[in-house]
Number of protein chains: 2
Amino acid sequence: MSRIEYRSKDILAFEQRYRAMFINSLGGFKSLSLIGTRSRSGQSNLAVFNSFVHIGANPPLFGFIIRPDSVERHTLNNILATRIFTVNHVREEFYQATHQTSARYPENISEFDATHLTEENLPGYYAPFVAESHVKIGASFRKKIDLELNGTIMILAEITYVSIPADTLMPDGFVDLEKAGTITCAGLDSYHRTERIARLTYARQDSLPKEIE
Amino acid sequence: MSRIEYRSKDILAFEQRYRAMFINSLGGFKSLSLIGTRSRSGQSNLAVFNSFVHIGANPPLFGFIIRPDSVERHTLNNILATRIFTVNHVREEFYQATHQTSARYPENISEFDATHLTEENLPGYYAPFVAESHVKIGASFRKKIDLELNGTIMILAEITYVSIPADTLMPDGFVDLEKAGTITCAGLDSYHRTERIARLTYARQDSLPKEIE
């Protein structure tokens, strides 16, 4: 197989947009979700994110990354002001609308209206959910961490609400995202459906993992 | 569609392993990679990770999460001691060996030996790569962040070396991971191949995204 190698000096010499495309590709397939927020004045906002990372199960915590100089600043401002937001998984049926939420709309335009996704409001949740999403998560802000190295911010939050299709929940607590229609993404702009290879049993030193039926 | 809803009190009342399985499922599909390290005494180590998150392209930075009380502590110790490690994408051909690296092997056993993955050493890199991997990344430790909320740690690192199959690099810098055979995972134990839906053009307020041929 013919291979290409790059070292630091090669990567740092890339043209800026080429390097962004290249480096964003290297992390593997990523989670894809729409984060819904609402400003104190009531304006809803929706933005695509691909940096959801599991932090812990007890309490149920996750994190995600925001670049404060980017289009995502409305999301950041609303989360810091209201301390509540939603995470909505993306299905193939609305992946183009999802991508379109990354356009730079002004603060007074809701990405729900601009992309024709449907705002869904649940009692007790100030932030809007995406009606078309099959896996919906409500989250409460817990902590903001400045990563400092390049000005990015990590938001840590607790999962306080989950709504999933009943037939995706397995007896052991596993939620079958493929059955829910959740898709994945790669790089800055590549969208992919998935096909399960297998689930494997818990790994132990003295035996090989088996497929879970 | 029949749906299930859970609120905080329901989630916190779940049995511990059930909750871990459930919460780990909710983040969507995840990156899947093997992190290779070597101790100061020369012992190689390999561990599966699914929390790679992009931090920035200039300089090329990423992060990942380590739970210090878990099997991943050898990885953490080696990274802090040597400040260098590798990230190797996983292909379907060795997903079972990848899963098996999460078993609790003692410190004096290399997961390369235990799982029959092949250690590959490159000039100038103290940490071992995985020969079977098609996408190989060399990384230098930059910062350790204690997330404090639950004792987890975030490692921030800079990409200092990349090796990819030549035919996966597109003219715009995009690396086609699906072509490279990189797979994805969900929850704690579910492995998936991907099938591209499309790449979409950069989102702009005044037009709809188009498919990139």
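Note that the structure is a prediction, hence the values are computed from the model and not measured.

### Focus: the overall build of chain A
Summing up its helical and strand segments, chain A has six helices and 13 strands in all. Its C-alpha atoms give chain A a radius of gyration of 19 Å, within 12% of the compact-globule value 17 Å for 213 residues. Projecting the C-alpha coordinates of chain A onto the three principal axes gives extents of approximately 55 × 50 × 30 Å. Out of the 213 residues in chain A, the part that is buried amounts to 50%. Once local pairs closer than 6 in sequence are excluded, the contacts in chain A between residues at least 24 apart make up 58%.

### Let's talk about the relation of the copies chain B and chain A
Superposition record for chain B on chain A: RMSD 0.0 Å, screw rotation 180 degrees, translation along axis 0.0 Å. What the superposition gives is, in effect, a two-fold axis relating one chain to the other. A symmetric contact is evident, with 100% of the interface residues of chain B recurring at the interface of chain A.

### Some remarks on the pairing of strand β6 (residues 84-89) of chain B
Residue and element names in this part refer to chain B. Across the six residues of β6, six count as buried, placing the element largely inside the fold. Burial of β6 is two-sided: the residues I84, T86 and N88 facing one way and the residues F85, V87 and H89 facing the other way are all buried. Two strands pair when backbone bridges link them, and strand β2 (residues 33-38) and β6 are joined in this way by four bridges, in the antiparallel orientation. Counterpart to L34 in the pairing with β6 is N88.

### Here's the deal with the nonpolar core
Counting 110 residues, the largest nonpolar core has F62(A), I159(A), V162(A), I159(B) and V162(B) as its most contacted members. Discounting residues that sit within four places of it in the chain, V162(A) has contacts with I137(A), Y6(B), I11(B) and L26(B).

### Examining the pairing of strand β10 (residues 153-165) of chain B
Among the 13 residues that make up β10(B), ten are buried, leaving the element largely enclosed by the rest of the structure. Direction of pairing for strand β1 (residues 3-7) of chain A relative to β10(B): antiparallel, over a ladder of five bridges. When the sheet's bridge partners are listed, I4(A) is paired in β10(B) with I164(B). Strand direction decides the pairing type here: strand β5 (residues 60-66) of chain B and β10(B), joined by six bridges, are antiparallel.

### Digging into helix α2 (residues 16-25) of chain B
Among the residues of α2(B), M21(B), F22(B), I23(B), N24(B) and S25(B) are the ones counted as buried. Its buried side turned inward, α2(B) meets β4 (53-57), β5 (60-66), β10 (153-165) and α6 (177-180) of chain A together with β11 (184-186) of chain B.

### Focus: the interface of chain B and chain A
On the side of chain A, 95 residues touch chain B, which itself brings 95 residues to the contact. Here the side of chain B that touches chain A takes eleven residues from strand β12 (residues 190-200) of chain B, the largest share from any one element. Per-class residue counts for the side of chain B that touches chain A are 48 nonpolar, 30 polar and 17 charged.

### Here we look at helix α3 (residues 73-82) of chain A
All names here are of chain A. Buried within α3 we find T75, N78 and I79. Looking down the long axis of α3, one finds its buried residues gathered within 100 degrees of arc, a one-sided arrangement. Elements in contact with the buried residues of α3: β2 (33-38), β3 (44-49), β5, β6 (84-89), β9 (136-146) and β10. Residue R83 follows α3 closely and has a positive phi angle near 60 degrees.

### Quick word on the environment of Q100(B)
Assignment of secondary structure puts Q100(B) in helix α4 (residues 95-100). Classification of Q100(B) as buried rests on a count of 24 C-beta atoms within 10 Å. Other than its neighbours up to four places away in sequence, Q100(B) contacts A203(A), L208(A), P209(A) and T115(B).

Criteria and cut-off values
- Residues numbered from 1 in each chain as written.
- Chains lettered and ligands numbered in written order.
- Predicted model: local features only at pLDDT ≥ 70, side-chain atom pairs only at ≥ 80, totals over all residues.
- Helix = DSSP H or I, 4+ residues; strand = E, 2+ residues; numbered from the N terminus.
- Rg over C-alpha atoms; globule rule 2.2 N^0.38 Å.
- Buried ≥ 20, exposed ≤ 12 C-beta atoms within 10 Å, placed from the backbone.
- Contact = placed C-beta atoms within 7 Å.
- Least-squares fit on C-alpha atoms with pLDDT ≥ 70 in both.
- Pairing = 2+ DSSP bridges.
- Core = buried A, V, L, I, M, F, W, Y, C linked by C-beta atoms within 7 Å.
- Nonpolar A, V, L, I, M, F, W, Y, C, P; charged D, E, K, R; others polar.
- Arc of directions from axis to C-beta.

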